[in-house]
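Chain and residue survey
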Amino acid sequence: MTVLPVPAPGRTPPRALTIAGSDSGGGAGIQADLRTMAMSGVHACVAVAAVTMQNTTGVTGVHPVPPEIVAGQIRTVVQDIGVQAAKTGMVAEAPIIEAIVETCIGIGIGGGRGSAESHDGAPRCAVPLVVDPVCASMHGDPLLKPHSLAALRDLLVPLADLVTPNLDEVRLLTGVDVTDGATQRDAARALVGLGARWALVTGGHLRAGADGPTGESTDLLFDGRDWFEFSGPRVHTGDDHGGGDTLAAAITCALATGAAMPDAVAHGKDWVTRCLRWAYPLGAGHGPVSPLWRLQ
Ligand SMILES: Nc1ncnc2c1ncn2[C@@H]1O[C@H](COP(=O)(O)OP(=O)(O)O)[C@@H](O)[C@H]1O
Ligand SMILES: Cc1ncc(COP(=O)(O)OP(=O)(O)O)c(N)n1
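Residues numbered from 1 in each chain as written. Chains lettered and ligands numbered in written order. Predicted model: local features only at pLDDT ≥ 70, side-chain atom pairs only at ≥ 80, totals over all residues. Heavy atoms only, no water.

A closer look at the pairing of strand β9 (residues 227–233)
Pairing between strand β8 (residues 216–222) and β9: seven bridges, direction antiparallel. Looking at β9, one finds that Asp-219 is bridged to Phe-230. Following β8, the chain reverses through four residues before pairing antiparallel with β9; Gly-224 in that reversal takes a positive phi of roughly 95°. (Pairing = 2+ DSSP bridges. Helix = DSSP H or I, 4+ residues; strand = E, 2+ residues; numbered from the N terminus.)

Focus on the site of ligand 2
Around ligand 2, the surrounding shell holds 16 residues, and the nearest of these are Gln-54, Met-138, His-241, Gly-242 and Asp-245. A distance of 2.9 Å is found between an oxygen atom of ligand 2 and a side-chain nitrogen or oxygen belonging to His-241. Interatomic distance of 3.4 Å between a backbone N/O atom of Gly-243 and an oxygen atom of ligand 2. For ligand 2, whose free accessible area comes to 430 Å², the fraction covered by protein is 95%. (Near = heavy atom within 4 Å. Polar contact = N/O pair within 3.5 Å; in protein donor to acceptor, adjacent residues only side chain to side chain. Areas by Shrake-Rupley, 256 points an atom, 1.4 Å probe, with all protein chains shown as cover.)

Here we look at the pairing of strand β1 (residues 15–23)
With nine of nine residues buried, β1 is to be regarded as a mostly interior element. As paired elements, β1 and strand β2 (residues 43–55) share nine bridges and run parallel to each other. What sits directly across from Leu-17, in β2, is Cys-45. Note that the unit made of β1, helix α1 (residues 29–39) and β2 has a crossover that is right-handed. Taken together, the four bridges between β1 and strand β4 (residues 85–88) define a ladder with parallel strand orientation. Residue pairing for β4: Thr-18 is matched across the bridge by Lys-87. (Buried < 20%, exposed > 50% of the residue type's maximum accessible area, 1.4 Å probe, protein only. Right-handed = clockwise from strand over helix to strand, strands pointing away.)

Structure, rendered in structure tokens:
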């Protein structure tokens, strides 16, 4: 599943919802999600959770959106347009997280391990939710208020059908310092222990060598029972802004077309690897990964 099928002219495409922050530099956040979703043939609906002043060198300002406006965006698009999958990215602070969780539960988005079965034992058909637990930019600028980590960990992660932390986010959420394959497994177990239905611990920032002899980057997927590994060639580039968002957005697109989780993650890994190869320099800092390869 390298690319998802492009909808026929005049046919309504699959719809996905991104609940995230705006990156004024256009490389990460909502803008990265929109680039990947459009290039995947998926119609993107948006709930803006925060506006950032950001360029390729860092984040200079954050303006959170009022929680009721975030909740209202989600309800408004879901009631009219309907979505087949959703993802969260930068959610900024605890009151916004609380509003997102309450709204998603109310309209059947996500469910985590609690949603495997309904009270009568039948499988539940909630819209799958991918949670990218964004805490900081690649430059270390905070994108989540310090006292809001508990809300992210205790409210949003348990609603996730898939949680996709990078290594810094894993450490913050679980206390596990991932340095090799064994600690990557410890982290995946801990994330499932927090209530996520599936956990994907990305290995992109594991140092070459610790990450295997062949210079591969390996992501690990776990659902509390089965392990799946996704390896791709390590791409040597400093232009990797928006990589985490792009991975989670591509997985969300595949879920919106009805893919099973391991297939959706395989698709996302392949997609982000191609986007890393097509990353380009921009500004004075780190350029963005790019889905423009899809236009060839
Ligand atoms: N240099 C690289 N080469 C190949 N894949 C990479 C590289 N850096 C990151 N990745 C992959 O990109 C995806 C996102 O990486 P991650 O570290 O989670 O990004 P972020 O820090 O932007 O959230 C993962 O699938 C990861 O394995
Ligand atoms: C508004 C906004 N959201 C998310 C990020 C972080 O993007 P991500 O792809 O997780 O990681 P980096 O590109 O920062 O490594 C952001 N910077 N801004």
